[in-house]
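# Overview (structure and organization)
Below, each chain spelled out in residue letters.
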Amino acid sequence: MVELINFGGGNLGSMRRALERLDVSYRVSSGARDLTGDHGMILPGVGAFGAAMAGLKRAGLKQRLNEAVRGGSPYLGICIGMQLLFGASEESPGVAGLGLIDGEVVRFSAGKVPQIGWNRIEPLSGGSRTPGFVYFVNSYHCRPIDETLATYRAEYHIPFCAALRCGNITAFQFHPERSGPFGHRLLKEWCDDL
Amino acid sequence: MICKRIIPCLDIDNGRVVKGVNFGQLRDVGDPVDLARFYQDEGADELVFLDISATIEDRQTVFDVVQRVAGVLMIPFTVGGGVGSIGQVKRLLECGADKVTVNTAAVANPELIAEIASECGSQCCVLAVDARQCGGGHCWEVLTHGGRRQTGIDATTWCIRAVERGAGEILLTSWDRDGTLSGFDLELTATISAAVSVPVIASGGAGGADDFVSVLTTGMADAALAASIFHDHRWTVAELKRVLAKEGVPVRL
């Protein structure tokens, strides 16, 4: 069972359908009372850092989510759900993020921005991880201070952190739900670990 | 390194994929869900669905098509054709589309772009531009209403303004080359791509693999879209991408 966090801005549709294809049961949590933290939580989504934080606050989810993650509930952040883990982003100066991971969220400084399309990710640590192509749509990328948190890297004019893991927190900058069988496998592996 | 994208385009009318023959006669090509799955399995990087419905009733069926397609697709897809309001954009996204294209309505009311970008994010706001060469070359005029109406607006200026308002990507169709199989308009594509900071999808004129190589290198396009050459089975997406890779164009294989 997965709790899919709906902060009002992200497009939940494609994630719901991906979970249905993978036969993973889920329910949508749209407010603090809906979010138990008893299950794995996925924060999918697109949109701006400031708008997403405002959405979480409005729904009363910011504090509840913070408590649940600090309490050890498994969390999977996708795209903006990865960036929100940090304390701030260049995208929305002055807006406080969840502050669960130390580091910064910075804008790509070269090439077309946003990065849109398929890019190859390379695993950084051993285990069963393999390289593959995934779909990205992002103007900003995360730079955790502790570089060893990065599990995959990719290159868009510069190398950047494509995924990270920190205890009960997992985060993908790309969209596994739109990344073909490879992306679905990464999503399924996270769900199977719950 | 980011890959160049190959995007088959499917025209939808009355819930079916159709293809125009000789300016207007429509031929049934197949079921949208079957074709979506087929192109996905062939290695398409994205799909674009254009609603070319003639009637309001047919327009309603498009939402149903989008929902059914979203259920089977594991790759991103864009929906467009006659989108005129933020309400329609939201409904298409709720049905499972990843991006929506706006064209005529955005020319009439450029604020629509800003509205979509602020409410749904720039990443789902694709500006579709139909451009026609004017004055003997080096400049292009924006056409609306499916290419039937001239606007007097310079295509480069329009694209720059639209990106300032929040368009996250540009789907650029050469009216002169569309349906001719004579190759993409490289000068048009390179001009627009150099003028804007967002990715440009080239469309109109694809006849063979060489055309894709040219537009994705010389033409500076980030992606290339085509319909006929895929529907007519002249090229499969897989064959095309193998040629691109051999020519040194980065693609997802």
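Conventions we followed
- Residues numbered from 1 in each chain as written.
- Chains lettered and ligands numbered in written order.
- Predicted model: local features only at pLDDT ≥ 70, side-chain atom pairs only at ≥ 80, totals over all residues.
- Helix = DSSP H or I, 4+ residues; strand = E, 2+ residues; numbered from the N terminus.
- Rg over C-alpha atoms; globule rule 2.2 N^0.38 Å.
- Buried ≥ 20, exposed ≤ 12 C-beta atoms within 10 Å, placed from the backbone.
- Contact = placed C-beta atoms within 7 Å.
- Arc of directions from axis to C-beta.
- Nonpolar A, V, L, I, M, F, W, Y, C, P; charged D, E, K, R; others polar.
- Core = buried A, V, L, I, M, F, W, Y, C linked by C-beta atoms within 7 Å.
- Axes fitted to C-alpha atoms, helices over the stretch in contact; angles between N-to-C directions.
- Parallel < 35°, antiparallel > 145°, perpendicular 65-115°, else oblique.
- Left-handed = near helix turned anticlockwise from the far one by under 90°.
- Pairing = 2+ DSSP bridges.
- pLDDT = per-residue confidence, 0-100.

## Re the overall build of chain A
- A tally of helices and strands in chain A yields 5 helices and 11 strands.
- Computed over the C-alpha atoms, the radius of gyration of chain A is 15 Å, within 12% of the 16 Å expected from 2.2 N^0.38 for a compact globule of 194 residues.
- With the C-alpha coordinates aligned to their principal axes, the bounding extent of chain A is approximately 45 × 40 × 30 Å.
- When burial is assessed residue by residue, chain A has 53% of its 194 residues classed as buried.

## Some thoughts on the overall build of chain B
- When helices and strands are counted, chain B shows 10 helices and 12 strands.
- Its C-alpha radius of gyration of 17 Å places chain B within 12% of the 18 Å reference for a compact globule of 253 residues.
- On the principal axes, the C-alpha backbone points of chain B span a range of 45 × 40 × 40 Å.
- The 253 residues of chain B split such that 51% are buried.
- Relative to all contacts within chain B whose residues are 6 or more apart in sequence, the contacts with residues 24 or more apart total 64%.

## Considerations on helix α10 (residues 237-246) of chain B
Residues and elements named next belong to chain B.
- Within the sequence span of α10, burial applies to V237, L240, K241 and L244. Along the long axis of α10, the arc covered by the buried residues comes to 95°, so they all point the same way.
- Among the structural elements, β1 (5-13), α1 (32-42), α8 (209-217) and α9 (228-231) are those in contact with the buried residues of α10.
- Among the residues trailing α10, G248 stands out with phi positive, at a value near 90°.

## Concerning the interface of chain A and chain B
- At the junction of the two partners, chain A supplies 24 residues and chain B supplies 26 residues.
- Of all the secondary structure elements, the ones that give two or more residues to the side of chain A that touches chain B are α1 (13-21), β6 (115-123), β7 (132-138), β9 (150-156) and α5 (180-192) of chain A.
- For the side of chain A that touches chain B, the element with the most residues is β6 of chain A, which contributes 5 residues.
- Of the residues contributing to the side of chain A that touches chain B, the split by class is 11 nonpolar, 9 polar and 4 charged.

## Section: the nonpolar core
All names here are of chain B.
- Within the largest apolar cluster, 146 residues are counted, with the highest numbers of intra-cluster contacts made by V100, L127, I170, I201 and A224.
- For this core, the leading source of residues is strand β7 (residues 125-134), giving 6 residues.
- When sequence neighbours within four positions are dropped, the list of residues in contact with I170 reads L127, V129, C159, I192, V196, V198, V200 and I201.

## Let's talk about the packing of α8 of chain B against α10 of chain B
All names here are of chain B.
- At a minimum axis separation of 10 Å, α8 and α10 run at an interaxial angle of 50°. It follows that α8 is oblique to α10 by the angle criterion. The chirality of how α8 crosses α10 is right-handed. Residues A209, F212 and V213 of α8 touch α10, and the partners they reach there are L240, V243 and L244.

## A look at the environment of K4 of chain B
Residues and elements named next belong to chain B.
- Along the chain, K4 falls in the segment before β1.
- Of the residues examined, K4 has 23 C-beta atoms within 10 Å and is grouped as buried.
- Spatially, the C-alpha atom of K4 lies 8.8 Å from that of D45, the residues being 41 residues apart in sequence.
- Once you skip the residues sitting within four places of it in the chain, K4 turns out to touch L216, D222, A223, V249, P250 and V251.

## Re the sheet that holds strand β2 (residues 26-29) of chain A
Residues and elements named next belong to chain A.
- In spatial order, the strands read β2-β1-β3-β4-β11-β10-β9-β6-β7; together these 9 strands make up an open sheet with mixed pairing. Of all strands in the sheet, those bounded by a partner on one side alone are β2 and β7. Looking at each pair of strands side by side, their axes are set apart by 30° on average, direction ignored.
- Relative to strand β10 (residues 158-166), β9 is paired through 6 bridges, and the arrangement is antiparallel. Paired with R153 across the bridge in β10 is C161.
- Relative to β7, α5 is tilted by about 90°, and along the sheet it contacts β1 (2-5), β3 (40-43), β4 (75-78), β7 and β11 (169-172).

## Observations regarding unusual backbone geometry
- For the bond running from V113 of chain A to P114 of chain A, omega is 5°, close enough to zero to count as cis.
- Mapped onto the fold, P114 of chain A is located in the loop between β5 (103-107) and β6.

## Details of helix α5 (residues 111-120) of chain B
Residue and element names in this part refer to chain B.
- Looking at α5, one finds that the buried residues are L112, I113, I116, A117 and C120. In a view along the axis of α5, the buried residues occupy a sector of 135°, so they form one face of it.
- Where α5 is buried, its residues touch α3 (86-94), β6 (99-102), α4 (104-108), β7 and α6 (155-165).
- Two residues or fewer past α5, G121 is found with a positive phi of approximately 100°.

## Some points on the confidence of the model for chain A
- Across chain A, the average pLDDT comes to 93, with 98% of residues at or above 70.
- The secondary-structure element of chain A with the lowest mean pLDDT is α1 of chain A, recorded at 90, while β11 of chain A shows the highest, at 98.

## Section: the environment of F49 of chain B
Residue and element names in this part refer to chain B.
- As for its position among the elements, F49 is in strand β4 (residues 47-51).
- In this structure F49 comes out as buried when scored by C-beta crowding, with 25 C-beta atoms within 10 Å.
- Considered as a pair, F49 and G80 are 31 residues apart in the sequence and their alpha carbons are 6.3 Å apart.
- Among all residues touching F49, those that are not within four sequence positions of it are L10, I12, P32, F77 and V79.

## A look at the packing of α6 of chain B against helix α7 (residues 186-195) of chain B
Residues and elements named next belong to chain B.
- Axis separation between α6 and α7 bottoms out at 9 Å; the angle between their running directions is 35°. Between α6 and α7 lies a crossing whose hand is right-handed. On α7, the residues touching A155, T156, C159 and I160 of α6 are T191, I192 and A195.
- A per-class count over the contact of α6 with α7 returns 5 nonpolar, 2 polar and no charged.

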